[in-house]
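Below are the chains, spelled out letter by letter.
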Amino acid sequence: MESRAKSMGHAIHPILIVFPLGLLATSVIFDILYLITDRTGFQVSAAYTIAAGVIGGLVAAVFGLIDWSAIPAGTRAKRVGAVHGLGNVVVLVLFAVSWLLRRGADNWDPNAGALVCSFAGLVLAGFTGWLGGELVERLGMSVSDGAGVNAPSSLSRRARARGA
């Protein structure tokens, strides 16, 4: 089933999710570096990457919701997509809470609650990311009906003529 929200022949949602996922994972790496080194700067970097990741996640979610709404009701794909989407909402909430807990501290210093929220958010993001892969790779969501190992480029005339 093809994506409803496309740009230049490709689904927008899978293109956008790499940014928030990478930013949120990087924030956890900055937190770990801060805990190991106690060097000022890592906790500030974590706070900024969380903010950018949450904003990017909200943008990606809009396109994910558009695609999810096109999945036929009563299918496994609809159920997996719902768990994927709701799980990612929880991920964004966990990171947003982590950011809010840091906001009032000197130099965005994370307390235990902020760290727990971020680390739990990253673990959950791994699971919801796997579900997203299940949607695309196993269930064929957002895959062009004209896809195949020898399919023409999504920008080619042949692909446009077939509606791919």
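A brief look at the structure comes next. (Residues numbered from 1 in each chain as written. Predicted model: local features only at pLDDT ≥ 70, side-chain atom pairs only at ≥ 80, totals over all residues. Heavy atoms only, no water.)

1. Structural notes on the side chain of Thr128
Stage number 1. Take Thr128: it is sitting in helix α5 (residues 112-138).
Stage number 2. Side-chain polar atoms of Thr128 contact the side chain of Asn88, separated by 2.6 Å.
Stage number 3. In contact with Thr128, other than residues within four places in its own chain, are His84, Gly87, Asn88 and Val91. (Helix = DSSP H or I, 4+ residues; strand = E, 2+ residues; numbered from the N terminus. Polar contact = N/O pair within 3.5 Å; in protein donor to acceptor, adjacent residues only side chain to side chain. Contact = heavy atoms within 4.5 Å.)

2. Brief notes about the nonpolar core
Stage number 1. Of all hydrophobic cores here, the largest spans 8 residues; its members are Leu24, Val28, Ile50, Val54, Val91, Leu92, Phe95 and Ala125.
Stage number 2. Where this core is concerned, the elements lending two or more residues are α2 (18-37), α3 (42-69) and α4 (76-103).
Stage number 3. Counting residues per element, this core draws most heavily on α4, at 3 residues.
Stage number 4. The contacts of Leu24, once residues within four sequence positions are left out, are Thr49, Ile50, Gly53, Val54, Val91, Leu92 and Phe95.
Stage number 5. In this structure, Ala77, Val80, Leu131 and Met141 belong to the second largest nonpolar core, which totals 6 residues. (Core = buried A, V, L, I, M, F, W, Y, C linked by side-chain atoms within 4.5 Å. Buried < 20%, exposed > 50% of the residue type's maximum accessible area, 1.4 Å probe, protein only.)

3. Points about the environment of Tyr34
Stage number 1. If you trace the backbone, Tyr34 turns up in helix α2.
Stage number 2. Among the residues examined, Tyr34 registers a relative accessible area of 11% and is labelled buried.
Stage number 3. On a C-alpha basis, the gap between Tyr34 and Asp109 in space is 9.3 Å, while along the polypeptide they are 75 residues apart.
Stage number 4. In this view, Tyr34 contacts Arg39, Phe42, Gln43, Asp109 and Pro110; residues no more than four positions away in its chain are not counted.

4. Here we look at the pattern of salt bridges
Stage number 1. All told, the structure shown has 2 salt bridges when counted by the stated rule.
Stage number 2. A salt bridge links Arg102 to Asp31; its shortest N-O distance comes to 2.6 Å. Taken as a pair, Arg102 in helix α4 and Asp31 in helix α2 lie far apart in primary sequence, 71 residues in all.
Stage number 3. Since its relative accessible area comes to 0%, Asp31 is described here as buried.
Stage number 4. Note that Glu134 is salt-bridged to Arg76, the shortest N-O span being 3.0 Å. In this pair, Glu134 is assigned in helix α5 and Arg76 in helix α4, connecting sequence segments 58 residues apart. (Salt bridge = Lys/Arg side-chain N within 4 Å of Asp/Glu carboxyl O.)

5. Digging into the packing of α3 against α4
When two helices pack together, you describe them by how their axes are tilted relative to each other and by the distance separating the axes.
Stage number 1. It is the contact of α3 with α4, at a shortest axis distance of 9 Å, that shows an interaxial angle of 155°. As summarised for this structure, α3 and α4 are arranged roughly antiparallel, according to the angle between their axes. In this structure, the crossing between α3 and α4 has a hand that is left-handed. Across from Gln43, Ala46, Ala47, Ile50, Ala51, Gly53, Val54, Gly57, Leu58, Trp68 and Ser69 in α3, the residues of α4 making contact are Lys78, Gly81, Ala82, Leu92, Phe95, Ala96, Ser98, Trp99 and Arg102.
Stage number 2. Of the residues assigned to the contact of α3 with α4, the class counts are 12 nonpolar, 6 polar and 2 charged. (Axes fitted to C-alpha atoms, helices over the stretch in contact; angles between N-to-C directions. Parallel < 35°, antiparallel > 145°, perpendicular 65-115°, else oblique. Left-handed = near helix turned anticlockwise from the far one by under 90°. Nonpolar A, V, L, I, M, F, W, Y, C, P; charged D, E, K, R; others polar.)

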